[in-house]
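Reading the structure
Residue strings, one per chain:
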Amino acid sequence: MVKKALVIEDDGNIAELLRLYLEKDGFEVEHAADGGKGVELAKSFEPDVILLDIMLPVKDGWQVCREVRAFSKTPIVMLTAKGETTDKVAGLEMGADDYVTKPFEVRELLARVHAVMRRTGGESEPAAKRLEFDKLVINLDSYELVVNGARIDTPPKEMELLYHLASTPNRVYTRNQLLDEVWGFDYFGDSRTVDVHIKRLREKLEGVSDQWRLKTVWGVGYKFEVGEA
């Protein structure tokens, strides 16, 4: 079943950024730019989670939270520029499930979204992120790479890139796809970053097994090839 998220935020840039990340994370997203519309969508859209700004036109976030709690137990994550402890306590006492202060890191916010959904029963525990191949274990839960029985120190982004490629064996990814899907929409670096990380991974993995390899698809990108080397 597709998860649904409601973003109630009057800043168009923040709302669009959240929409992009939430959709990439598998959510169907609706957006309201004011509190009144937000309450209406909370009823009609029936979201699985609500991301709620406090400083809103028509009805502020406090009022929206009170009204939504009158008819729904949907988890609410409040977003605000305010960082005072009293504001956080007030939001939680009104029924919010978490409270994130702007500016925030979007990936951290998504982690909080999943956490409140699990706590409130709206999401099951995530599947273990562990892949095993001949003489190779890629464990993204613990960020451990085990090659031929030995743990290899590997920077986080190299781990994420290898896991992403190996989770869909034999699929070819372009450099731009890997930048978007591993580094994220907000990354503005050069596509050669991917080449550098692939080179470093190859130094760790070259010659370990003839059953898989990191392969360059010339003119396109890269894939984790499984089968005859």
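Preceding this paragraph is the structure being described.
A brief look at the structure comes next. (Residues numbered from 1 in each chain as written. Predicted model: local features only at pLDDT ≥ 70, side-chain atom pairs only at ≥ 80, totals over all residues. Heavy atoms only, no water.)

All told, the structure shown has two aromatic pairs when counted by the stated rule. Centroid distance Phe-133 to Phe-224: 4.8 Å. Interplanar angle 50 degrees. Geometry classified as tilted. Placement of the pair is Phe-133 in strand S6 (residues 130–133) and Phe-224 in strand S12 (residues 221–226), with a sequence separation of 91 residues. On the basis of an interplanar angle of 15 degrees and a centroid distance of 5.7 Å, the ring pair of Trp-212 and Phe-224 is categorised as stacked. Taken as a pair, Trp-212 in strand S11 (residues 212–217) and Phe-224 in strand S12 lie far apart in primary sequence, twelve residues in all. Summarising the burial analysis for this pair, Trp-212 and Phe-224 share the class buried. Chaining the aromatic ring pairs together yields one cluster made of Phe-133, Trp-212 and Phe-224. Seen from the ring of Phe-45, Lys-4 lies directly overhead, with NZ or CZ sitting 4.8 Å from the centre. (Phe/Tyr/Trp six-rings, centres within 6.5 Å; stacked < 30°, edge-to-face > 60°. Helix = DSSP H or I, 4+ residues; strand = E, 2+ residues; numbered from the N terminus. Buried < 20%, exposed > 50% of the residue type's maximum accessible area, 1.4 Å probe, protein only. Lys NZ or Arg CZ within 6 Å of the ring centre and 35° of its normal.)

Now for the packing of helix H6 (residues 156–166) against helix H8 (residues 192–205). Packing of H6 against H8 leaves a shortest axis separation of 10 Å and a crossing angle of 85 degrees. Overall, the two elements H6 and H8 adopt an arrangement that is roughly perpendicular. Two secondary-structure elements touch here, H6 through Lys-157, Glu-158, Leu-161, Leu-162 and Leu-165 and H8 through Val-194, His-197, Ile-198, Arg-200, Leu-201, Lys-204 and Leu-205. Grouping the constituent residues of the contact of H6 with H8 by class yields seven nonpolar, one polar and four charged. (Axes fitted to C-alpha atoms, helices over the stretch in contact; angles between N-to-C directions. Parallel < 35°, antiparallel > 145°, perpendicular 65-115°, else oblique. Contact = heavy atoms within 4.5 Å. Nonpolar A, V, L, I, M, F, W, Y, C, P; charged D, E, K, R; others polar.)

Moving on, we come to the sheet that holds strand S9 (residues 150–152). The four strands lie next to each other as S6-S7-S8-S9, forming an open sheet whose pairing is antiparallel. Bordering the open sheet on either side are S6 and S9, each of which pairs with just one other strand. This sheet shows a mean twist of 20 degrees between the axes of neighbouring strands, independent of strand direction. Of the strand pairs in this sheet, S6 and strand S7 (residues 136–139) are connected by four bridges, and their pairing is antiparallel. Within the sheet, the bridge partner assigned to Phe-133 lies in S7 and is Leu-136. Here H6 sits on the sheet and contacts S6, S7 and strand S8 (144–147); the angle it forms with S7, its principal contact strand, is near 110 degrees. (Pairing = 2+ DSSP bridges.)

In spatial order, the strands read S10-S12-S11; together these three strands make up an open sheet with antiparallel pairing. On the outer flanks of this sheet lie strand S10 (173–174) and S11, each paired with one strand and no other. Along the sheet, H6 contacts S10, S11 and S12; its crossing angle with S12, the most-contacted strand, is approximately 65 degrees.

For the rest of this paragraph, the subject is the pattern of salt bridges. Taken as a whole and assessed by the stated rule, the structure comprises 15 salt bridges. Put simply, Lys-157 and Glu-160 hold a salt bridge, and the shortest N to O gap is 2.8 Å. Of this pair, Lys-157 and Glu-160 are both found in helix H6, three residues apart, which corresponds to roughly one turn of the helix. Taken together, the salt bridges that share partners define one network made up of Arg-213, Lys-215, Lys-223 and Glu-225. (Salt bridge = Lys/Arg side-chain N within 4 Å of Asp/Glu carboxyl O.)

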